[in-house]
Every structure is written in C-alpha cells, then in structure tokens.
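Here are the chains, one letter per residue:
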Amino acid sequence: MTLPIDVPLQLPEPRTPDPHDAPAIRWGILAPGGIAHTFADAVAVGTASSVVAVGSRSRERAQDFADEFEVPRAYGSYEELVADPEVDAVYVASPHSEHRDHALLAIRAGKPVLVEKAFTRSAAEAREVLDAAAEQDLLVVEAMWSRFLPHYDVVRHVVETGLIGELVAVFADHGQRLYPGGPARLSQPELAGGALLDLGVYPVSFADMVLGAPSSVSAHGTLTDLGVDATTTITVAGAGGAHGVLSCTMAGVTPCSAVVAGTEARLELSSTFYAGGSTIRLVDRNNEVIDERAGGLTDDVRGFSYEAAEFARCLVAGETESPLLPHATTLRVMETMDAVRRQIGVVYPGE
C-alpha cells in the first residue's frame, strides 16, 4: 500500500495504552535471576499489578528476592510457586533451556504464563507449550518486551499504512560484549547459550514484525570452543522481494540500530532499537530527516511495564494470546532461529 502523493510524510502517534491503566493482576515469578529483577521493578513502578510470590530452587535466594521487592511469599521450589492459589499468572524467567519445562509446570497447575524470550530452545518445544495451554484454554505470551513498546507500534503503523512506500529492506543488529567473561549461561550449550537466542532474537523478531513470514533464511556463524554461536549473520527474504539483513554477536559491541527502508522513505531506529529509549527518524529519499520521535520512558514506567500490562489486559479479557504477539508469530520466530542454528551448526544437548 502506498499513500497518495499529496499526503505529507509524518510519523503517526503510538496507539499504545498507558500501562498504568491495565487491570491489576497478581504475579508469581519463577526463577529470581537478573531479568526477573527488571520485571519485578517494572510491575511495581509501571503497572497496577503486583508480584505476590517468587519461587526458586534455593529458598534463601527466593527470600532475598522477596525482601528486595517486598514480595509477600518466597518458595524454595517451583512446584510450590505454581500451586499458590493467590497467583494469577506466572512469569518464567529461567534460562532458555528450562523454558519449556517451567512453562509446562505452570500450565499443568492451571496458571496462565508469560515466558521470557527466546520462548523455548526450538519450535518443537514451543509447540508443546502452546498445545498444552490450548488444552486448558490458558493465556500464554512470549515476553518479547520490545513488541509491546510504543515506538514498535509506530513502526507497525508506518508499515501498515504504506507511509514509506513498498518495503525494500530491513537492517538490524544486536551486539554486546558478553563473551568471554560475561554470564556463564551464555557459553554453555546445556543452557542453550550463544548469541542467537539471547541477542539475535531481537533483530529476528523485529524483521518478522516488519516483513512477516520469511520465504528463505540464510545464515553464517562463528562458534565458540563449546559449540554455541559467538557471532551470527542472517539474511531473510520477505514478501514482495523485500529482504532483511540481521546480525548478532556476544563478542563485541555494535550500534544496535535498525533501519526499515521503503521506496519513498525509510525509518531509522537509533541505538538501542529494541528498547524504549530508541529515537525513530523518518528520512526521505534525499536523506533529509523530515520527522523524528524520541522514545524515552518516564520515571513512572519501565520498558517491561508494557508487556506486563498487555498480559494483564489479555488475561482479564479472557484471551489466550496477545494480538501484538500471536502464537503464530512466536512459532515463526522460533522456526527462523531453528533454520539459523541448522545452518551454522549449533545443536543443544538432547536435541
């Protein structure tokens, strides 16, 4: 779709609701690691919901987390957490290798679940989780927090309306210096380590949002001595001849920017493109910036607040998936990453 020639190019306003306006639900956090700290803070500061329980394999670790965030109940097992009748929904924050089992544990206890990205290790595991949830008519959402941010809605709106013309290309990268010397889980195949599932999922998911299902996937990677990817480059072909060029690395810092190019104009998402502080620029064919929208989060909202709020809205509405990140999309992203891993030679234990 292309707008008439006399329509001025201007970025649309985001349609994202204020996360404070979402219904209040009671969260239980499964695995109190670093990302769980980010989530708990986002719930407390940016939503009407609350974290009422936390579960860990270590009772002491759960209690430390509970003390830090004023969580009423701390459990020394995940089974106790998901059995808590006062928990409305479970947030799975364990390593990628455990997402399938921990999501299934919550689902079998009758709990709706928000599963940290990458959703699982593989598309096959993702299908197991989604099928189990469907049997019980439970809400399941992948915690790809970027998908719920206001500036991602601006990108969606621009693409939907054809503001930049026909899509030509998408570029996105995500590189952080996390190996060696970073979190141990990233180097370990048994924990589904590597750059792809931790960092590459951001550009892969972004390209999927813009281009839809890829018709082909091509990848090259550099592996560590233990066989996980340190650096990976990916090319995807989308509908209408548009392509995506994506990269991720845990061996060095990259700009972490993104570009969506069309026949009439392009969008530039500044570093870090996947986070709430990214600025979007609308640039015309003469390379002139004709509109700009700063991302920026206020003091009373966090990036993760938006995904928590969307989950709460869907749960209270009786939905089983979010329209902003449907199950089909989560599966597509996992299938793309499966194809990448096959081509670069990354196999996790037990696959």
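Calculation criteria
- Residues numbered from 1 in each chain as written.
- Predicted model: local features only at pLDDT ≥ 70, side-chain atom pairs only at ≥ 80, totals over all residues.
- Heavy atoms only, no water.
- Buried < 20%, exposed > 50% of the residue type's maximum accessible area, 1.4 Å probe, protein only.
- Helix = DSSP H or I, 4+ residues; strand = E, 2+ residues; numbered from the N terminus.
- Contact = heavy atoms within 4.5 Å.
- UniProt positions renumbered as here; feature names shortened; annotations may be inferred.
- Patch = residues over 30% accessible without salt bridge, like charges linked within 9 Å, V, L, I, M, F, W, Y side chains within 5 Å.
- Areas by Shrake-Rupley, 256 points an atom, 1.4 Å probe, with all protein chains shown as cover.
- Salt bridge = Lys/Arg side-chain N within 4 Å of Asp/Glu carboxyl O.
- Lys, Arg positive; Asp, Glu negative; His and termini not counted.
- Charge placed at Lys NZ, Arg CZ, Asp CG, Glu CD.
- Pairing = 2+ DSSP bridges.
- Axes fitted to C-alpha atoms, helices over the stretch in contact; angles between N-to-C directions.
- Core = buried A, V, L, I, M, F, W, Y, C linked by side-chain atoms within 4.5 Å.

1. A look at helix 4 (residues 99-108)
At step 1: The complete set of buried residues in helix 4 reads His 99, His 102, Ala 103, Leu 104, Ala 106 and Ile 107.
At step 2: As for helix 4, its buried residues are in contact with strand 1 (26-30), helix 3 (78-83), strand 4 (89-92), strand 5 (113-116), helix 5 (123-136) and strand 6 (140-143).
At step 3: In the segment just after helix 4, Gly 110 is the residue with positive phi, at about 85°.

2. Looking at the UniProt feature "domain: GFO/IDH/MocA-like oxidoreductase" (unreviewed entry) in the protein chain
At step 1: Within the UniProt annotation, "domain: GFO/IDH/MocA-like oxidoreductase" (unreviewed entry) is assigned to residues 155-268.
At step 2: Helix and strand shares over residues 155-268 are 21% and 37% respectively, and the end C-alpha atoms of the span are 10 Å apart.

3. A closer look at a negative patch on the surface
At step 1: Taken together, the side chains of Asp 18, Asp 21, Asp 299 and Asp 300 make up a negatively charged region of the molecular surface.
At step 2: Here Asp 300 is to be found in the loop between strand 14 (289-293) and helix 8 (303-316).

4. Section: the sheet that holds strand 1
At step 1: Reading across from one edge, 3-2-1-4-5-6 is the order of the six strands in this open sheet, with parallel pairing throughout. What marks the edges here is a single partner per strand, and that holds for strand 3 (73-75) and strand 6. Strand-to-strand twist in this sheet, taken as the mean axis angle between neighbours without regard to direction, amounts to 25°.
At step 2: Relative to strand 4, strand 1 runs parallel, the two sharing four bridges. What sits directly across from Trp 27, in strand 4, is Ala 89.

5. What about the UniProt feature "domain: Gfo/Idh/MocA-like oxidoreductase N-terminal" (unreviewed entry) in the protein chain?
At step 1: In the numbering adopted here, UniProt assigns the feature "domain: Gfo/Idh/MocA-like oxidoreductase N-terminal" (unreviewed entry) to residues 26-140.
At step 2: As a span, residues 26-140 carries 47% helix and 20% strand, and end to end its C-alpha atoms are 16 Å apart.

6. Some words on the sheet that holds strand 13 (residues 280-284)
At step 1: Spatial strand order, 8-9-10-7-11-12-13-14: eight strands in an open sheet with mixed pairing. Edge strands, defined here as strands with exactly one partner in the open sheet, are strand 8 (216-223) and strand 14. Strand-to-strand twist of the sheet, defined as the mean angle between neighbouring strand axes without regard to direction, takes the value 10°.
At step 2: In terms of strand pairing, strand 7 (residues 167-175) meets strand 11 (residues 258-262) through five bridges, oriented antiparallel. Residue pairing for strand 11: Val 170 is matched across the bridge by Val 260.
At step 3: Lying over the sheet, helix 7 (residues 195-211) contacts strand 7, strand 9 (229-237), strand 10 (243-249), strand 11 and strand 12 (265-269), oriented at roughly 165° with respect to strand 10.

7. Examining the nonpolar core
At step 1: Of all hydrophobic cores here, the largest spans 105 residues; its most connected members are Trp 27 and Phe 206.
At step 2: Of all the elements, helix 7 adds the most residues to this core, at ten residues.
At step 3: Counting residues in hydrophobic clusters, the runner-up holds seven residues, among them Leu 178, Leu 199, Val 228 and Cys 248.

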